[in-house]
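Analysis of the macromolecular model
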Amino acid sequence: MLDFSWIVSEWKSLVKDPKKLIPLIGILFIPILYSGTYLWAFWDPYAHTQRLPVAVVNEDKPVQYNGKDYSLGNDLVNELKKEKSFEWKFVSKSQANKGIRNNSYYFSILIPNDFSKRATTLTQGHPSPLNLYYRSNVGTNYIASRIGEAGVDKIRERLSETISENYARAMLEEVYTIGQGLQKAANASDQISNGLAEVNAGTLKLKNEMGNKSGSIQQLSNGANKLSHAAASLADGANVLQSSMNDVSKGINSLENAPGDVQKNTTQLRQNAGTLSTVLQSYAAAHPELNNDAAFQQILGSSQNVNGGIQQLETSFGSMSNQNISTLRDGAQTINSKMNDLSSGASKIASSQKTIADGTASLASGWNRSVSSLGTISNSQKKLLKGSKQLGDQLNSGAKNIEAMQSGQPLSKMMANPVRLKEELLHDVPNYGTGLAPYFISISLFAGALLLSTVFPFRDTIAPPPSGLSWFVSKFAVLFVISIGHSLITNFLLVQLVGLKPLHLGHLYLFSFFTSLVFMALIQFLVTAGDNAGRFICIIMLVLQLTSSAGTFPVELLPTALQRLNYVLPMTYTVQGFRTVISTGNDQILYQDVLRLLAFLVVSILLTLLALSIHKRRLKI
């Protein structure tokens, strides 16, 4: 049963005793004293890195490359002077080393003497990377060394991007030059294509014209063959005529003794001479080109003269005398000698015509082969023309693509840093202090509850308690009020002075009160049950929660033993709950954390009631 009069008397004695009241009022400020000062001091340390003294040593020597001066060391120094990420101190190497040793500088940056020279090797077969030497005294301040390392790495990235941008710009200039060359090559290829088209057209024209002349060439060859056969016949007739003239000569020799035989032979001779003259005249008519042949004309004239002479001989034979016979003999001999010339000339004509026939046949064959070769050449020229056009199209396309590239600083910047990190924050944490606030608020509330046990007696009373329940209520009511004070004072000052901006301010106040009450109940049980031993257990619990609650590093990075403790200690869920109300706003997680903490609260209250009830029985005994 509750005895409210006894509970009121306990409260009156507490309020009226300054030695008890003042410490309780002081306890109200313990959480804000702890969490507030720490978060205020380290609310955003990375915003004040310009206060860290850093030594910069520039030993770089300028170089010339492609007619330009490069002094990357001086360029870097000028950039550092413009920015205020650290308190840069530009000193010598010996001063920097001395300052690192005596803690005047947190770290130093050395720009070596070949810094610019190495930058000129980027286009060589074996480029040398640029080196920046970073030196720090980690033992002096580990966090400062990590901050310095991160800062130097940003400088390196920015410098790398600048060098890459310059290199990309130079490459683009070369690419544009190549593009101009491609355009000239494309124009030249177009000219070649035009020339090839003209040559191919001429080849086709020549092929067609030669093809049209093939018939004439074949006719010439056929005519030459016919002329060769006629010339052979002429040679045969000349031989026959010469044989006949031999007979004539024999007849003239016997003319004197056999006039009748002479007359008979003269008649036969006239017939043969007439035949020869007719053949020669027919052949001349069939071959007008022999009109200009002097030898042939001589043979034709001789045959006509022979025929006329024989006719004259036949006409005048009747009045022929010995003198005439003698004259006839001389004429026959003359004719016979001429017939030798005729036979020889006819043989030469036959041989020449055979050579001409063979030549014209070879000419016709070669002519046809030339026409066929011209067709092959024309096809090859078409393929060459097609390839030339394709080459010209590709050159034009490449030149246009290069010309279409957007030159200037944006493209070179893109080539220097093509991958940009687009950060998408599900729940933003603006600064270091906001990220650590859940951890330090939890610690401060637990510390406040623990310190309360040293100034406020969790078991002692002014008068003997009437029951275990009244005893518990009288003590827990004080803890309840102190928890309200912790929540109001701590959160108000964190928000108004330090700058904490929770997603849900009301939830922050309520969850802070609930967290404080859970810690109060837990510590009340341990101190009530074990007194100083209970306080010692509370201190051990605080230490374990400092390491296992994942307030700083993720729980996965903790040792395995501490990971197991993470699930059984209440601060794990208070840290997670504060993160929810300050940064993430995940009500589902907050609901789960409240349920787990509620279990700690209920169990602690029940165990405290049990402990006080046991003490009450002992007092009666």
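Since we're looking at a predicted model, the values are computed, not measured.

Within the protein, the regular secondary structure consists of 18 helices and six strands. Evaluated residue by residue, the protein yields a buried proportion of 39% over its 621 residues. Carbon and sulfur atoms make up 58% of the accessible area of the protein, which amounts to about 34700 Å² in all.

Inspection of the secondary structure assignment puts Lys 89 in strand 4 (residues 87–90). The sequence separation of Lys 89 and Val 54 amounts to 35 residues, and the corresponding C-alpha distance is 5.8 Å. Excluding residues that lie within four positions of it along the chain, Lys 89 makes contacts with Val 54, Ala 55, Val 56 and Tyr 105. At a separation of 3.1 Å, a polar atom in the side chain of Lys 89 contacts the side chain of Glu 87.

With 69% of its residues at a pLDDT of 70 or more, the protein has an overall mean of 79. Model confidence for the protein, summarised as mean pLDDT per element, is weakest for helix 11 (residues 409–416) at 54 and strongest for helix 14 (residues 505–530) at 96.

Taken in spatial order, the four strands of this open sheet run 4-1-5-6, and their pairing is mixed. Among the strands making up the open sheet, the edge pair consists of strand 4 and strand 6 (133–136). Averaged over all pairs of adjacent strands, the angle between their axes in this sheet comes to 25 degrees, without regard to strand direction. Where strand 1 (residues 53–58) and strand 4 come together, four bridges link them in parallel fashion. By the bridge assignment, Ala 55 is partnered in strand 4 with Lys 89. Helix 5 (residues 93–101) rests against strand 1, strand 5 (107–111) and strand 6 of the sheet, and its axis sits at about 160 degrees to strand 5.

The next point concerns the packing of helix 12 (residues 432–455) against helix 17 (residues 571–584). For the pair helix 12 and helix 17, interaxial distance at closest approach is 9 Å and the crossing angle is 135 degrees. One way to sum up the angle between helix 12 and helix 17 is to call them oblique. In this structure, the crossing between helix 12 and helix 17 has a hand that is right-handed. For the pair helix 12 and helix 17, the contacting residues are Thr 434, Ala 437, Pro 438, Tyr 439, Ile 441, Ser 442, Ile 443, Leu 445 and Phe 446 in the first and Met 571, Thr 574, Val 575, Phe 578, Arg 579, Ile 582 and Ser 583 in the second.

Inspection of every chain in the model, using the stated rule, returns 13 aromatic pairs. On the numbers, 5.0 Å between centres and 80 degrees between planes, the contact of Phe 480 with Phe 513 is edge-to-face. Of the two residues, Phe 480 sits in helix 13 (residues 468–498) while Phe 513 sits in helix 14, which places them 33 residues apart along the sequence. What makes Phe 480 partly exposed here is its relative accessible area of 34%. Aromatic rings pair up to connect Tyr 34, Tyr 38, Phe 42, Tyr 439 and Phe 440 into one cluster. In this structure, Lys 81 packs its charged tip against the face of Phe 90, placed 5.4 Å from the ring centre.

Analysis parameters
- Residues numbered from 1 in each chain as written.
- Predicted model: local features only at pLDDT ≥ 70, side-chain atom pairs only at ≥ 80, totals over all residues.
- Heavy atoms only, no water.
- Helix = DSSP H or I, 4+ residues; strand = E, 2+ residues; numbered from the N terminus.
- Buried < 20%, exposed > 50% of the residue type's maximum accessible area, 1.4 Å probe, protein only.
- Areas by Shrake-Rupley, 256 points an atom, 1.4 Å probe, with all protein chains shown as cover.
- Contact = heavy atoms within 4.5 Å.
- Polar contact = N/O pair within 3.5 Å; in protein donor to acceptor, adjacent residues only side chain to side chain.
- pLDDT = per-residue confidence, 0-100.
- Pairing = 2+ DSSP bridges.
- Axes fitted to C-alpha atoms, helices over the stretch in contact; angles between N-to-C directions.
- Parallel < 35°, antiparallel > 145°, perpendicular 65-115°, else oblique.
- Left-handed = near helix turned anticlockwise from the far one by under 90°.
- Phe/Tyr/Trp six-rings, centres within 6.5 Å; stacked < 30°, edge-to-face > 60°.
- Lys NZ or Arg CZ within 6 Å of the ring centre and 35° of its normal.

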